[in-house]
Amino acid sequence: MPRRRLERRGCVSGPTLAPALALRERESAIPEPESLDSVNPATYNQTDQSVHSFPEAAMSVAVSHASSLFRDGRLLPVWDKVRARERLSREDGRLLFETADLHGLGRMADLAKSRLYGDQVFFVLNRYVNPTNVCVLSCSFCDFARKKGEAGAFENSIEDVLEMIKPGTREAHIVGGHHPDWPFEYFERMIAAIHAARPETQIKAFTAAEVDYWWRRWKIEPREALTRLKRAGLHSMPGGGAEIFSPRLAKLLRYSGKADADRWCEIHGIAHSLGIKTNATMLYGHVETMDERVEHLLRLREQQDRSGGFLTFIPLAYQIGDTKLVQRQTPPTDDLRTIAASRLLLDNFPHVEAYWVMIGQETASLALHFGASDVNGTLEDEKIAHMAKAESPAGLAQEQILRMIRDAGKVPVERDALYNVVRVWN
Amino acid sequence: MLDAVRDKLDAGKRLDRAEGRWLLTEAPLVDVGALAQEARFRRIPERRVTFVIDSNPNYTNVCVTDCQFCAFYRKPGHPEAYTLTVEQVMDKVAFAAERGATTVLLQGGHNPALPLHYYLSLVRETRRRFPSVTPHFFTASELCTVAEVSSLPVAEVLARLKEAGQSTLPGGGAEILSERVRRRIEPKKGGPAAWLDVHREAHRQGFRSTATMMYGHVETPEDVLDHLDAIRALQDEHGGFTAFVPWSFKPGNTLLEKWIKQYQGGSAYLRMLGASRLYLDNFPHVQASWFSEGKRAGQVALSWGADDFGGTLFEENVHAAADYVNKTTVDEIITLIRDAGFTPAQRTTEYEILRAY
């Protein structure tokens, strides 16, 4: 597939990926006939039809009337904006998290997603690597971290890490605790060693929280750290460590010793300026308010306007584990709502992900009707969610990923860490 | 098509086959859900979701029908074959009754060695010893076997069961009510007419029953439409069905596993539920099966037309034989329904409310 075409379809995030504007240009390119032959024109046309089969006139009918598409009439002005590709406001965002009209939300988010990718859903063959779970922090929601010497603490050597990454692995996702004794140079050597041993593997490593910790602990400026890591072979950065951007929660859940919203965004901005693509996350389903979710998303949208290097937004459903901030995991309808609202609010993010590890394969599959365009990947040996007793398996075979996507009637597209298309599974 | 379906819903008109086909194949999944919820709230305006405290024991796994989708049965003489005595079954009923069950759904294989009085004793003894338990016993195909073995018409078997104290029938064994499908996966069980005739006669005698559907194997959307048409037409005759209960085929340890490796997922389930809710305009209830589709898919199903969450299933062996196991408690069911945004209410076998939470 020619690169030019992929770029227009939003599949490639090379240096051309500028924020909202570029995204919109690519969107408008999709219905062009010549772009249809790139992947599965049949399903493309089908999606287009279903999107346009809602007659304009039907939108304006009285809300109380059953023939309205929306049970909650307050969504109609939002629907108008979504169709006109207008940016949603804070109040719109609050409404998305408040409305009982789950189907209305899904319909809007599905339009926003289909407009970008038709029926395609992306995944990557990846490996999850945690160099260590030793961490100086004690975040209330975390079942993963251990203190040095505590039972269950692990510290992997560079050789151990290399062992974990089998030849041919497309992407290595590397995150860990804030280890008080490991110097920055250790991580730099780790990346260089992986890159040398597995040149075919794209390295997605270190959250902004870890990068910030190197400053706190070793006084390595984030710009210097990221420049050196990039030189060593870093391709992209994961979106973890954002938790919820809220000073109230940072204090309450004891993560105030971690990069706050400004710092987290600053570090991602620096990464973007260095040409390092990154992801963003939000930890939800604990004691946060809906307003805090909206503020978090708006902050990310603002940062993306500024630096433009985010690839994917990944809402992370809190796992009860042993930390038990709440009685039960948030219900699947909340996962679907959060994914849909994120897709609608984050109009400048290329992708919103259904992270099957946290929400389960079934809900992840359903989320593909609610605006999600990515399911992450095989995630061999995932630990953070599983140490919090996530019920999903620790890693899925490729065929299970394909099934999750096909069950939803979507077309699986294997990608690399930067969303270059590896293979379309028709 | 969306307009046509919506207009019919507004006018209270029946959907035709083309509209059913659209819902089962092309309609966007969220639209199927939105329409199905509209239909659901028209029938039951409250955000109430019912459940039953029940158990699903089995009296025998001996079966001569060799259905390709079944992992539960054993041929007569097989080392793992079993048949319980009436007393052994009563122990299982007692187990359920002690846990508050109001329904015991008892079913088993087609065992030609069992006489009519065995079945009658099960009903009579349950009624006598456990007045709080409704004997929801024996599917249509088992009753056909009883009729054959005892050389009596099905109508007579049903009349005797009624006399013994039975008033409801479970809806299992329908699978897909299409000649083509049944010839392929259950040739020895008879065509769709066998199942329908038993339920017709039962309804005529005043029994209430459920209708089930097992999809996700060799059927096409046309076969599903045949199934829905057949039960909708039967319901027009006597109105004896309380609920429709679809679930996905689980291939583990079955003869069909060779061709069908995996069961269909949540999207297919929601589509099936939503389309059924809309198509089966004369069915009072549609059941979400937390058990067969998973608790989280079951919760979402409550937004796709289902108004019932099934039962607690203290004992279950048929899915378990296909290596599919799922367990819950009354408290968990109440919580799952609440978390999904609905108000739980405990019901009887016949969908009368016992207790609202």
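Rules and cut-offs
- Residues numbered from 1 in each chain as written.
- Chains lettered and ligands numbered in written order.
- Predicted model: local features only at pLDDT ≥ 70, side-chain atom pairs only at ≥ 80, totals over all residues.
- Helix = DSSP H or I, 4+ residues; strand = E, 2+ residues; numbered from the N terminus.
- Rg over C-alpha atoms; globule rule 2.2 N^0.38 Å.
- Buried ≥ 20, exposed ≤ 12 C-beta atoms within 10 Å, placed from the backbone.
- Contact = placed C-beta atoms within 7 Å.
- Pairing = 2+ DSSP bridges.
- Axes fitted to C-alpha atoms, helices over the stretch in contact; angles between N-to-C directions.
- Nonpolar A, V, L, I, M, F, W, Y, C, P; charged D, E, K, R; others polar.
- Core = buried A, V, L, I, M, F, W, Y, C linked by C-beta atoms within 7 Å.
- pLDDT = per-residue confidence, 0-100.
- Right-handed = clockwise from strand over helix to strand, strands pointing away.

Peer 1: I'd like a rundown of the overall build of chain B, residues and numbers included.
Peer 2: A tally of helices and strands in chain B yields 15 helices and 11 strands. Relative to the compact-globule value of 21 Å for 357 residues, chain B shows a C-alpha radius of gyration of 19 Å, a close match. Each principal axis of the C-alpha distribution contributes one length, and for chain B these read about 55 × 45 × 40 Å. By residue count, 54% of the 357 residues in chain B fall in the buried class. Contacts in chain B between residues far apart in sequence, at least 24 positions, make up 78% of those at least 6 positions apart.

Peer 1: Go over unusual backbone geometry, please, and point to the residues and values.
Peer 2: Notably, Glu243(A) is not glycine yet its phi reads approximately 50°, a positive angle. Looking at the secondary structure, you find Glu243(A) in the loop between strand S5 (234–237) and helix H13 (247–252). Unlike most non-glycine residues, Glu175(B) shows phi in positive territory, near 50°.

Peer 1: Before we move on, could you go through the sheet that holds strand S1 (residues 120–124) of chain A and cite the residues and values that matter?
Peer 2: Strands belonging to one sheet form pairs held by backbone hydrogen bonds; the direction of such a pair is parallel or antiparallel. Residues and elements named next belong to chain A. As summarised here, the arrangement of the four strands in space is S9-S1-S10-S11, forming an open sheet in which the pairing is mixed. Both edges of this open sheet fall to strand S9 (374–377) and strand S11 (421–424), since each of them pairs with a single strand only. Across the sheet, the axes of successive neighbouring strands diverge by a mean angle of 25°, strand direction being ignored. By the bridge criterion, two bridges tie S1 to S9 in an arrangement that is parallel. Within S9, the position partnered with Val-124 by the bridge is Gly-377.

Peer 1: Tell me what's going on with the sheet that holds strand S10 (residues 343–347) of chain B, and back it up with residues and numbers.
Peer 2: Residue and element names in this part refer to chain B. If you trace the four strands from one edge of the open sheet to the other, you get S9-S1-S10-S11, paired in mixed fashion. Edge strands, defined here as strands with exactly one partner in the open sheet, are strand S9 (308–311) and strand S11 (353–356). Recorded for the sheet is a direction-independent mean angle of 25° between the axes of neighbouring strands. Of the strand pairs in this sheet, strand S1 (residues 48–52) and S10 are connected by four bridges, and their pairing is parallel. In the sheet register, Thr-50 faces S10, and the bridge partner there is Ala-345. Against the sheet, helix H15 (residues 330–339) touches S1, S9 and S10, its axis set at about 140° to S10.

Peer 1: Which residues make up the interface of chain B and chain A, and what are the values?
Peer 2: Quite often, the size of an interface is put as the accessible area lost when its parts meet. Counting residues at the interface gives 29 residues for chain B and 24 residues for chain A. Counting only elements with at least two residues in the side of chain B that touches chain A, the list comes to helix H1 (2–11), helix H3 (29–43), helix H11 (266–279), helix H13 (295–301) and H15 of chain B. Here the element with the most residues in the side of chain B that touches chain A is H3(B); it accounts for seven residues. Here the residues of the side of chain B that touches chain A sort into 10 nonpolar, 12 polar and seven charged.

Peer 1: Account for the nonpolar core, with residues named and values stated.
Peer 2: By size, the foremost hydrophobic cluster in this structure holds 215 residues, and its most contacted members are Leu344(A), Ala354(A), Ala367(A), Val375(A), Leu273(B), Leu278(B) and Ala301(B). In terms of residues, this core owes the most to one element, H11(B), which gives eight residues. If we ignore the near neighbours within four places in the chain, the residues touching Ala354(A) are Ile339(A), Ile359(A), Ala364(A), Ala367(A), Leu368(A), Ala372(A) and Val375(A).

Peer 1: Mind laying out the pairing of strand S10 (residues 411–415) of chain A, listing which residues take part and the relevant values?
Peer 2: Residues and elements named next belong to chain A. Counting buried positions along S10 yields four of five residues, so the element is predominantly enclosed. As judged from the four bridges shared by S1 and S10, these two strands associate in the parallel manner. Of the residues in S10, the one forming a bridge with Gln-120 is Val-411. Direction of pairing for S10 relative to S11: antiparallel, over a ladder of three bridges. If you follow Arg-415 over to S11, its bridge partner there is Val-421. Adjacent in sequence and paired antiparallel, S10 and S11 are bridged by five residues, among which Tyr-419 carries a positive phi angle near 70°.

Peer 1: I'd like a description of the confidence of the model for chain B, backed by residues and values.
Peer 2: Confidence along chain B averages 94 in pLDDT terms, with 100% of residues attaining 70 or more. On the interface metric, ipTM, the complex scores 0.91, and its pTM is 0.87.

Peer 1: Can you explain the pairing of strand S7 (residues 241–248) of chain B? Please cite residues and give values.
Peer 2: Residues and elements named next belong to chain B. Within S7, eight of the eight residues are buried, which leaves it mostly tucked inside the rest of the structure. By the bridge criterion, seven bridges tie strand S6 (residues 208–215) to S7 in an arrangement that is parallel. Among the inter-strand pairings, Tyr-215 is bridged to a residue of S7, identified as Ser-248. At this point the chain moves from S6, through helix H10 (residues 221–238), to the parallel S7, and the crossover so formed is right-handed. One ladder, built from two bridges, connects S7 with strand S8 (residues 285–286); its direction is parallel. Bridging from a neighbouring strand, Ala-243 pairs with His-285 of S8.

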